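# Structure at a glance
Below, each chain spelled out in residue letters.
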Amino acid sequence: MSQSELYIALAVWVGVGLITFFVLLKVRAPYGRYARQGWGPTVGHRQGWMLMEVPAVFVFPAVLLGGANEASLVSALFILAWEVHYVHRAFVFPLRMGPSRKQMPLLIVLSAVVFNVVNGYLNGVYLGSLSASYPMSWLQDPRFIAGAIVFVAGLTLNLYSDTVLLQLRKNGDGYGVPEGGPFRLISCPNYLGEIVEWVGFAIMTWSPAAAVFAFWTAANLVPRAVANHEWYRETFEQYPKSRKALVPFLF
Ligand code: NDP
């Protein structure tokens, strides 16, 4: 792939992300609390999560390391950040969910697989072949340092918030109102953390493909946060009125 082909692919990818955003504002993706029939064949919830996320674990490092740029400590750190997230998401998070009788439509799994393959490829090909090689001095560049801090902050918020939710689930199959920490301010701190994480990755790599990935993450999760927030308000009469959906005090 050439530079210009990458930019065309990214422009198309942004267009698909925009369409996805508007569709998800209208249709609640049928997994988790919105799991429902009528979406074709299904797989187990846990297996679905693993199948969806596994491609990201392999595609990104394979394409990056197979590229023309020489591997370096900098590219190893980019891969490390990516893998800390995706090894957890593909192998640890589904096990932490505990057993569930819930099903997930194969359609959701396949669309996430396509997303992860395309996204892993675009990010890997940019960092492994199309960017100039990152010199060691990149590790002292304010963009790398600031991006890494933002990435770790987002990852921490995401992991912490998912842990609170999974602990609520331990009390049974039903849903409860999460309390404390970031949940005092917003309904979906796990989604905010995930968006912040990939914004951080985009800053630390200074990569257009990673910027588009951050945009896609928001396109997926902003509509889901709006839906979850409405769902909490409809489901729990006492749901705190001051709590926002995704951005403290604002939204
Ligand atoms: P949710 O917040 O809907 O659920 C997270 C887990 O907690 C699920 O196991 C869920 O169970 C359980 N849970 C959620 N709320 C409650 C509650 N109030 N009471 C009891 N249990 C609860 O997150 P998602 O499943 O949508 O996403 C999971 C992770 O994947 C998140 O970290 C998210 O950021 C990430 N993600 C990333 C995307 C991206 O585009 N990068 C897209 C989608 C998700 P159940 O499944 O039964 O509802």
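Residues numbered from 1 in each chain as written. Predicted model: local features only at pLDDT ≥ 70, side-chain atom pairs only at ≥ 80, totals over all residues. Heavy atoms only, no water.

### Comments concerning the overall build of the protein
Scanning the protein from N- to C-terminus turns up seven helices and two strands. Along the protein, helices and strands appear, N-terminal first, in the series α-β-α-α-β-α-α-α-α. Expected size for 251 residues packed as a compact globule is a radius of gyration near 18 Å; at 19 Å, the protein falls within 12% of this value. Over its C-alpha atoms, taken along the principal directions, the protein stretches across nearly 55 × 40 × 30 Å. Residues counted as buried form 47% of the 251 residues belonging to the protein. Counting contacts in the protein only where the partners sit at least 6 residues apart, residues at least 24 apart contribute 82% of the total. As displayed, the protein offers around 12,300 Å² of accessible surface, 69% of which is attributable to carbon and sulfur atoms. Across the protein, the mean location of the 18 positive side-chain charges is 10 Å away from that of the 13 negative side-chain charges. (Helix = DSSP H or I, 4+ residues; strand = E, 2+ residues; numbered from the N terminus. Rg over C-alpha atoms; globule rule 2.2 N^0.38 Å. Buried < 20%, exposed > 50% of the residue type's maximum accessible area, 1.4 Å probe, protein only. Contact = heavy atoms within 4.5 Å. Areas by Shrake-Rupley, 256 points an atom, 1.4 Å probe, with all protein chains shown as cover. Lys, Arg positive; Asp, Glu negative; His and termini not counted. Charge placed at Lys NZ, Arg CZ, Asp CG, Glu CD.)

### Concerning the nonpolar core
In this structure, F78, W82, L127, W198 and F201 are the most contacted members of the largest nonpolar core, which totals 37 residues. Put simply, the parts of the chain that give this core at least two residues each are α1 (3-26), α2 (45-65), α3 (73-96), α4 (106-130), α5 (142-169), α6 (189-205) and α7 (208-235). Broken down by element, this core gets its largest block of residues, seven residues, from α3. Core analysis: the next-biggest nonpolar cluster, separate from the first, contains 24 residues, M104, C188, L192 and I195 among them. (Core = buried A, V, L, I, M, F, W, Y, C linked by side-chain atoms within 4.5 Å.)

### Quick notes on the site of the ligand
The ligand sits among 26 residues. The nearest are Y31, K102, D162, Y175 and Y191. Within the side chain of R169, one N or O atom sits 2.8 Å away from an oxygen atom of the ligand. Take Y175: an N or O atom from its side chain is 2.5 Å from an oxygen atom of the ligand. Considered on its own, the ligand offers 880 Å² of accessible surface; in the complex 94% of this is hidden by protein. Those elements that provide at least two residues to the shell around the ligand are α2, α3, α5, α6 and α7. Per element, the largest residue contribution to the shell around the ligand is six residues, and it comes from α5. A per-class count over the shell around the ligand returns 11 nonpolar, eight polar and seven charged. (Near = heavy atom within 4 Å. Polar contact = N/O pair within 3.5 Å; in protein donor to acceptor, adjacent residues only side chain to side chain. Nonpolar A, V, L, I, M, F, W, Y, C, P; charged D, E, K, R; others polar.)

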